[in-house]
Amino acid sequence: MTHDPRELVRSIRPQVYGTGSPFKISDPLIEPLWTGMRVLAGIDPTGTTLLDADGVEIDGMEAIVDGLTAAAREEDDGLVLDGFITRQPGQDIKRAVWSDEMPSMGRMLGLRRNRAVDTIKLKEAALTEHAFEPDDVLTFVAIDLLWLDDTPLLDVPLLERRRLLGSVLGESAVVRLGAFIRPPIDHWVHSWRAQGFGGLTYKGANSRYLPGLPNPDWLVAGMPHR
């Protein structure tokens, strides 16, 4: 198998969100549900290749291509990232809040009641908001790191992949690291809702990456209401 990340990325498809109750996920990392174009990015010192969820190369995203190429550390031979090209806010979103607390029982019941939200529609919205306008300000939001230098990370637990991602990818006006938190989530839900997010993703901290397949440890839920 080639170790060239810009060729390697052509052989991978994004992992798919599974179905089921997010409350069954042990030790979840919770993120806002990004909407926009799901993208895999292969980056090396010479440039960046962007592919959509079907493996088709994306043209016309020169600012994001240049931003990703510049964002990778010079000492790294290459990266493969999972992320979104989105119009949603990339700036000022807090992440990596470490807490072992769990939501109150009342909060959990409120979240369960909110399962009436149609999560299928939420997932479809996350993947189909591709109608970007020429004047849109677009951002690449990185949500996962799949390959680093000559090392595949698909079998590395998600939490470790996310920690590595934060250490190897710099941020800029067009490249952001996706937010993630751990329970309790009340304060962050209020902030994310105010920024226009309509849903959440729950991902097991110990989950692996399954290219092109549904992962039962990656689930979408509606944004809970107070």
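Since the model is a prediction, treat every value here as computed from it, not as a measurement.

### Concerning the packing of aromatic side chains
Here is step 1: Applying the stated criterion to the full structure yields four aromatic pairs.
Here is step 2: Their ring planes at 35° and their centres at 6.0 Å tell us that Tyr-17 and Trp-218 sit as a pair that is tilted. With a gap of 201 residues between them, Tyr-17 in strand E1 (residues 16-17) and Trp-218 in strand E11 (residues 218-222) connect regions that are remote in the sequence. For the pair Tyr-17 and Trp-218, a shared accessibility class is recorded, and that class is buried.
Here is step 3: Taken together, Tyr-17, Tyr-209 and Trp-218 form an aromatic cluster joined through their ring pairs.
Here is step 4: Its end group placed over the ring of Trp-218, Lys-203 keeps NZ or CZ at 3.8 Å from the ring centre.

### A closer look at the sheet that holds strand E9 (residues 199-204)
Adjacent strands of a sheet form backbone hydrogen bonds with each other and so pair up, either parallel or antiparallel.
Here is step 1: Within the open sheet, the three strands sit side by side as E2-E9-E11. Their pairing is antiparallel. This sheet does not close on itself; its edge strands, each paired only once, are strand E2 (28-32) and E11. Between one strand axis and the next, the sheet turns through 25° on average, direction left out of account.
Here is step 2: Here E2 pairs with E9 via five bridges, running antiparallel. Across the sheet, residue Pro-32 finds its bridge partner in E9, namely Leu-200.

### Some remarks on helix H6 (residues 186-194)
Here is step 1: Among all positions of H6, only Trp-188, Val-189 and Trp-192 are buried. Each buried residue of H6 lies within a common arc of 100° when the element is viewed along its axis, so the set occupies one face. Structural note: H6 exposes His-187 and Ala-194 on the side pointing more than 90 degrees away from its buried face.
Here is step 2: Positioned one or two residues after H6, Gly-196 has a phi angle of 100°, which is positive.

Procedures and definitions
- Residues numbered from 1 in each chain as written.
- Predicted model: local features only at pLDDT ≥ 70, side-chain atom pairs only at ≥ 80, totals over all residues.
- Heavy atoms only, no water.
- Phe/Tyr/Trp six-rings, centres within 6.5 Å; stacked < 30°, edge-to-face > 60°.
- Helix = DSSP H or I, 4+ residues; strand = E, 2+ residues; numbered from the N terminus.
- Buried < 20%, exposed > 50% of the residue type's maximum accessible area, 1.4 Å probe, protein only.
- Lys NZ or Arg CZ within 6 Å of the ring centre and 35° of its normal.
- Pairing = 2+ DSSP bridges.
- Axes fitted to C-alpha atoms, helices over the stretch in contact; angles between N-to-C directions.
- Arc of directions from axis to C-beta.

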